[in-house]
Amino acid sequence: MKFFVKTFGCQMNEHDSEIIAGVMASAGYQQAEDIGGADIVIVNTCCIRESAENKIWGFIGNLKNLKDHKPGMILAVVGCMMQQNTIGEMLHRRGRHLDIVLGTYQQHRLPEYVSRILAGEKQIVDISEDNRDFPDSLPTMRVNDLSAQVNIMYGCNNFCSYCIVPYVRGRERSRDFGAILAEVRELAAAGVREVMLLGQNVNSYGKDLRRATPDADVPDFAAVLRAVSEIEGIERIRYMSSHPRDFSAELADVIATLPKVRAYCHLPLQSGSDRVLRAMNRGYDTAAYYAILERIRRHTPDVVITTDLIVGFPGETGEEFAETLDFVAKCRFDAAYTFLYSPRSGTPAARMDGQIAEREKKERLARLTAVQNAVSLDINRGYIGRTVDVLVEGPSKNNPDLMTGRTPGNKIVICRGDMGMVGQTLPLTITEAKTWHLEAL
Ligand code: SAH
Ligand code: SF4
Ligand code: F3S
């Protein structure tokens, strides 16, 4: 039997899907090339914003038609959306045709549940939050040969007032230090050159372990970075996401000593207004945020820094939004991922007064994007004429005659070449700069 996994959502979900594919393959199922060729369709869901949820329900609705024409097809829906407290009602209304429903804790049990459906059981729902026997390591079917994602933390304790993640991913759990290093060593031996260390708040690594065993010498995030840096064969180490509240000056100093790590940093800001940051429960103000940027840049002047921003948080006034525009211009981010605030049921912000009209949010988003795009282009133009190390990844998506790669700071570079260059790190001179990428042609 063949399976197909369709993924929505963030890096964490993409990586969960690699694990889902890994456990299914280990259980003897084969991966199908497309949905049409699959007997088991698995949809890995995201509920970070309403738009994501609507898209996914549309997708699941279409699968119902496919299933009607293909009796025996098994439909499994897993991930964040299934872990929401409204799931019972949602399933009743829109999910009666689903065979298997799993939350974020039990996805590794999928093969067991598929067997039970094959043996005649009807809809199985497992959204239990018990993960006491969650394995340290799971088989993984990776999408990319050069760059691999590695979990170091699960869950989140921050409860930013707009965010659903702590409710659907649970409290922070650090993965075993030895298991992380073993996985990265194995990846390096298989030819992987770049690892992305994943967690909702990687800076918290070890806190839960330290609480559990106060006397033990538990490594922190800096120790993870140091240890992974020592693994030969891995050239680049990234991490996502780090929380500004927990990004200490000491951590910035350690990172500066690690050449594989220091070129890139994603540091979500969310808002440039101190009042809004407080209402978001972010735990820092713009001054503290700016101090981190200065500390990072003092050590590594050409570090690439990206961020996340939300516009239209409840109660955000025109002046507060203007503060965000000014602060974003001052921070000079290489790029920003910008989002319209989306109320999520069960979060404090969804109940706040002053919800902002969609049209106003969109207008603010357009103004913010214009400010950021001008900065991005300006920074990228500074690369013209410079020679940078480009790790070549493969053919360019837009023009298969050209190749694409990345700088140490994660900027995309379009270049000439052939498949023989894939996996090599080459010094290339930048000839042209665009808002979202560089060219070496
Ligand atoms: N743990 C990560 C964020 C993961 S979610 C961190 O804190 O950096 C990725 C981004 O989605 C967030 O940084 C935020 O900008 C955005 N986001 C989260 N909830 C949102 C909501 N309700 N509406 C709009 N954007 C949201
Ligand atoms: Fe959500 Fe905040 Fe946790 Fe990020 S740190 S996942 S934004 S609650
Ligand atoms: Fe990621 Fe979406 Fe879940 S952003 S953590 S897949 S809600």
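Reading the values: the criteria
Residues numbered from 1 in each chain as written. Chains lettered and ligands numbered in written order. Predicted model: local features only at pLDDT ≥ 70, side-chain atom pairs only at ≥ 80, totals over all residues. Heavy atoms only, no water. Pairing = 2+ DSSP bridges. Helix = DSSP H or I, 4+ residues; strand = E, 2+ residues; numbered from the N terminus. Axes fitted to C-alpha atoms, helices over the stretch in contact; angles between N-to-C directions. Contact = heavy atoms within 4.5 Å. Buried < 20%, exposed > 50% of the residue type's maximum accessible area, 1.4 Å probe, protein only. Right-handed = clockwise from strand over helix to strand, strands pointing away. Near = heavy atom within 4 Å. Polar contact = N/O pair within 3.5 Å; in protein donor to acceptor, adjacent residues only side chain to side chain. Areas by Shrake-Rupley, 256 points an atom, 1.4 Å probe, with all protein chains shown as cover. Nonpolar A, V, L, I, M, F, W, Y, C, P; charged D, E, K, R; others polar. Salt bridge = Lys/Arg side-chain N within 4 Å of Asp/Glu carboxyl O. Domains from an automatic or database assignment. Buried area = accessible area lost by both parts, 1.4 Å probe.

Trainee: Please explain the sheet that holds strand β12 (residues 264-266) as it appears in this structure.
Mentor: In a beta sheet, neighbouring strands are held together by backbone hydrogen bonds and run either parallel or antiparallel to one another. With parallel pairing, 3 strands are arranged side by side in an open sheet as β12-β13-β14. Of all the strands in the sheet, the pair left with one neighbour each is β12 and β14 (335-340). Within the sheet, the average angular offset between the axes of one strand and its neighbour, ignoring direction, is 15°. The sheet contact formed by β12 and strand β13 (residues 304-311) spans 3 bridges and is parallel. Note on β13: the bridge partner recorded for His266 is Thr306. Strands in contact with helix α13 (residues 358-381) are β13 and β14; relative to β14, the strand with the most contacts, it is inclined by about 180°.

Trainee: Before we go on, may I ask you to explain unusual backbone geometry in this structure?
Mentor: Glycine aside, a negative phi is what most residues show, and trans is what most peptide bonds show. Cis geometry is found at the peptide bond from Met240 to Ser241, where omega equals -5°. Turning to its location among the elements, Ser241 is positioned in the loop between β11 (236-240) and α9 (249-256). Even without being a glycine, Gln270 presents a positive backbone phi close to 75°. With respect to the secondary-structure elements, Gln270 resides in the loop between β12 and α10 (274-279). On the basis of relative accessible area, Gln270 is assigned to the buried category, the value being 6%. With a phi angle near 50°, Arg332 is a residue other than glycine that sits in the positive phi range. Examined against the element boundaries, Arg332 turns out to sit in the loop between α12 (318-331) and β14.

Trainee: Quick question: what am I supposed to make of the pairing of β13 here?
Mentor: In the case of a regular strand, side chains alternate between the two sheet surfaces. Burial runs high along β13: 8 of the 8 residues are buried. Here β13 shows no split at all, with Val304, Thr306, Asp308 and Ile310 on one side and Ile305, Thr307, Leu309 and Val311 on the other all buried. In this sheet, β14 lies alongside β13 in parallel orientation, the contact comprising 6 bridges. Its bridge partner lying in β14, Thr307 is registered against Ala336. For the crossover that starts at β13, traverses α12 and ends in the parallel β14, the hand is right-handed.

Trainee: When you look at the site of ligand 1 in this model, what are you seeing that I'm missing?
Mentor: If you check the shell around ligand 1, you find 15 residues, and the closest are Gln200, Pro268, Gln270, Asp308 and Ser342. The separation between an oxygen atom of ligand 1 and a polar side-chain atom of Asp308 is 2.6 Å. Backbone polar atom of Ser342 to a nitrogen atom of ligand 1: 2.9 Å apart, as the coordinates give it. Its free accessible area being 540 Å², ligand 1 has 90% of it covered by the protein chains. If you list the elements that add at least two residues to the shell around ligand 1, you get β13 and β14. Of the residues contributing to the shell around ligand 1, the split by class is 7 nonpolar, 4 polar and 4 charged.

Trainee: What is the right way to look at the pattern of salt bridges in this model?
Mentor: Side chains that differ in charge, positive against negative, can pair when their charged atoms come close. Tallying each qualifying case throughout the model produces 22 salt bridges. A salt bridge links Glu194 to Arg238; the nearest nitrogen and oxygen atoms lie 3.0 Å apart. Linking Glu194 in strand β10 (residues 194-198) with Arg238 in strand β11, this pair joins segments that are 44 residues apart in sequence. Residue class for Glu194 comes out buried when judged on its relative accessible area of 7%.

Trainee: Just checking my understanding: could you explain the environment of Gly233 for this structure?
Mentor: Along the chain, Gly233 turns up in the loop between α8 (221-229) and β11. Separated by 42 residues in the primary sequence, Gly233 and Gly191 place their C-alpha atoms 7.3 Å from one another. Sequence-distant contacts of Gly233, defined by excluding residues within four places in its chain, comprise Val192 and Arg193.

Trainee: Would you mind showing me how to read the domain arrangement of the protein chain here?
Mentor: How large an interface is tends to be reported as the accessible area lost when its parts come together. As assigned here, the protein chain comprises domain 1 (2-126), domain 2 (147-381) and domain 3 (387-440). Between the C-alpha centres of domain 1 and domain 2 there is a distance of 29 Å. The interface of domain 1 with domain 2 comprises 19 residues on the first partner and 22 residues on the second. Interface of domain 1 and domain 2: buried area, both sides summed, is about 1700 Å²; carbon and sulfur atoms make up 52% of it. For the pair domain 1 and domain 2, the interface holds 2 salt bridges. Linking Glu53 and Arg344 is a salt bridge whose minimum nitrogen-to-oxygen distance equals 2.5 Å. Joining domain 1 to domain 2, the criterion identifies 8 residue pairs in polar contact (both at pLDDT 80 or more). A per-element tally of the side of domain 1 that touches domain 2 places helix α1 (residues 11-26) first, with 8 residues. The class makeup of the residues in the side of domain 1 that touches domain 2 is 6 nonpolar, 7 polar and 6 charged.

Trainee: What's the story with the sheet that holds strand β3 (residues 40-45) in this structure? I'm lost.
Mentor: The strand order across the open sheet built from 6 strands is β2-β1-β3-β4-β5-β6, with neighbouring strands paired in parallel fashion. Sheet topology places β2 (30-31) and β6 (124-126) at the edges, where each strand pairs with a single neighbour. Strands β3, β4 (74-79), β5 (100-102) and β6 of the sheet are contacted by helix α4 (residues 110-118), whose axis makes an angle of about 160° with β5.

Trainee: Would you take a moment to explain the site of ligand 2 for this structure?
Mentor: Inspection of the region around ligand 2 gives Cys156, Asn158, Phe159, Cys160, Tyr162, Cys163, Val165, Pro166, Gln200, His243 and Arg282 as its neighbouring residues. Looking at the shell around ligand 2 residue by residue, the class counts come to 7 nonpolar, 3 polar and 1 charged.

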